[in-house]
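Fold and geometry: a report
Residue strings, one per chain:
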Amino acid sequence: MGYEMAGRLAKSGGDVLVWNRTAEKAKPLEKYGARVAGQIAELAARDIVFCMVSTYKDVKEVVTNMLDSGKNAGKKPRMLIECSSISLEGSAELRELLEKKGIQYLAAPVSGNAKVIKAGKLSFVCSGPKAAYDEAKPFLDAMGKGSSWVGEGELSRIVKICHNVFLGVVTQSLAEITVLAQKAGVPRHAFLEFMNQSVMGSTFSRYKTPAFVNLDFKVTFTPHLLRKDMDLGLDAGRKFEVPMPLASATRDLIQSMIGQGWTEQDFATLLLQQAEASGLKLKPENVEVGDGLSS
Ligand SMILES: NC(=O)c1ccc[n+]([C@@H]2O[C@H](COP(=O)([O-])OP(=O)(O)OC[C@H]3O[C@@H](n4cnc5c(N)ncnc54)[C@H](OP(=O)(O)O)[C@@H]3O)[C@@H](O)[C@H]2O)c1
């Protein structure tokens, strides 16, 4: 995600310096005019820093390392825009840490995968000081199709958590009905073509169609990261006393997939698990189907 986001920023003409733990993965960004930092301390000397890693533990580690190493050189950024999907509590702790150091903080998680970013369709949901959002907006616009500011504090985090709980539940539901239709005799491409044209079709069902039809499970989002988000959703459900029966069942189905060792492919392998549970061995249909992103 971070790679594609930085790529779009650099292509838009931004002055972009990238740091990634595994530096060689960032190297190809140089072709778009970005520079790759050797040390994380170099980020501390920038005006605005975007952070896109995995869990809150990783966010805390990366941000603390950047600030500690920058401190020696008397450097700190003016604003941090944090885009990973993390908890409300983690985000609040980060806000406190940054505010104490006089650094503005915008919580800005995203909707979309790497392919969606490439198609210019990433969207941001933001919270924090409105002035910070107004200042960040041109950069967010350079990376995607738009952003929403939903209020102060960590409100954007709960919006993103709800979004990804929906992602998990919808994917499992799509897997169930696709396998049901197929076991009754309907090829997956024919079933999904109809669904995508119907009122139930969506940007999401369309862009998952090639994976479901041709069983290309090159990772866009790992099962571990989806489980993290389902857990964040269930934690929030407990905190706010909201029952989430569908999210609970889906979380356990993702857990079964991880327990069986299906961890390195895309989370859409929920389809394969559903097929196995239904006594079906799926084969690629090798039918050319659109993903709805290029139009
Ligand atoms: N993929 C999606 O569709 C999607 C959509 C929306 C939101 N998200 C969220 O966006 C975030 C990133 O997702 P992703 O799919 O891009 O994950 P990913 O492909 O696994 O990439 C994770 C990135 O974080 C870095 N990282 C992780 N832990 C680190 C640590 N402790 N110290 C330094 N660097 C660390 C990794 O560095 P290395 O390269 O060195 O491993 C890598 O650059 C997650 O919070 C995810 O939930 C993902």
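Up top you'll find the structure we're talking about.
Residues numbered from 1 in each chain as written. Predicted model: local features only at pLDDT ≥ 70, side-chain atom pairs only at ≥ 80, totals over all residues. Heavy atoms only, no water.

**Observations concerning the site of the ligand**
Rule in force here: Residues are counted as near a molecule or strand when any one of their heavy atoms sits within 4 Å of it. Whenever two N or O atoms come within 3.5 Å, that pair is a polar contact, provided that in protein one can donate a hydrogen and the other can accept it, and provided that, for residues adjacent in sequence, both atoms are side-chain atoms. Throughout, the Shrake-Rupley method with a 1.4 Å probe supplies accessible areas, and for residues the shown protein chains are the sole cover considered. The numbering of helices and of strands both runs from the N terminus, where a helix is a DSSP run of H or I of at least 4 residues and a strand a run of E of at least 2. Under the scheme applied here, ten amino acids are nonpolar (Ala, Val, Leu, Ile, Met, Phe, Trp, Tyr, Cys and Pro), four are charged (Asp, Glu, Lys and Arg), and all others, including Gly, are polar.
Around the ligand lies a shell of 23 residues, among which Asn20, Thr22, Lys25, Ser54 and Thr220 are the nearest. At 2.4 Å, a side-chain N or O of Thr22 approaches an oxygen atom of the ligand. At 3.0 Å from a nitrogen atom of the ligand is found a side-chain nitrogen or oxygen belonging to Asp58. When the ligand is considered free in solution it has 900 Å² of accessible area, and contact with the protein chains removes 83% of it. At the level of secondary structure, the elements contributing two or more residues to the shell around the ligand comprise helix H3 (56-72) and helix H10 (223-239). The residue inventory of the shell around the ligand, partitioned by class, reads eight nonpolar, eight polar and seven charged.

**Some words on the pairing of strand E7 (residues 123-126)**
For the record, the criterion: A pair of strands counts as paired when DSSP detects no fewer than two bridges linking them.
In this structure, strand E6 (residues 110-111) lies alongside E7, joined through two bridges in antiparallel fashion. Along E7, the bridge assignment pairs Ser111 with Ser123. With four bridges joining them, E7 and strand E8 (residues 146-149) adopt parallel strand pairing. Among the inter-strand pairings, Cys126 is bridged to a residue of E8, identified as Trp149.

**Focus: the sheet that holds strand E5 (residues 104-107)**
What counts, and what does not: Here an angle of 0 to 180 degrees is reported between the N-to-C directions of two axes, which are lines fitted to C-alpha atoms, with helices fitted over the stretch in contact. Throughout, a contact is declared for two residues whenever any of their heavy atoms are within 4.5 Å.
Pairing in this open sheet of three strands is parallel, and the strands run E3-E4-E5 from one edge to the other. Bordering the open sheet on either side are strand E3 (48-51) and E5, each of which pairs with just one other strand. Pairwise comparison of adjacent strand axes, ignoring direction, gives a mean angle of 15° for this sheet. With four bridges connecting them, strand E4 (residues 79-82) and E5 associate as parallel partners. Looking across to E5, one finds that Leu80 is bridged to Tyr105. Where helix H4 (residues 88-100) meets the sheet, it contacts E4 and E5, and its direction lies at approximately 165° from that of E5.

**Notes on the pattern of salt bridges**
Our working definition: Here, a salt bridge means any side-chain nitrogen of Lys or Arg that lies within 4 Å of a carboxyl oxygen of Asp or Glu. Any residue under 20% of the maximum accessible area for its type is buried, any over 50% is exposed, and the rest in between are partly exposed; the area is computed with a 1.4 Å probe on protein chains only.
Inspection of the entire model under this criterion finds 20 salt bridges. Asp266 serves as the salt-bridge partner of Lys208, at 2.7 Å between the closest nitrogen and oxygen. Here Lys208 is found in helix H9 (residues 203-214), whereas its partner Asp266 is found in the loop between helix H11 (245-259) and helix H12 (270-277), with 58 residues between them in sequence. By relative accessible area, which is 2% here, Asp266 ends up buried. A single salt-bridge network, built from bridges that share partners, covers Asp15, Arg35 and Arg46.

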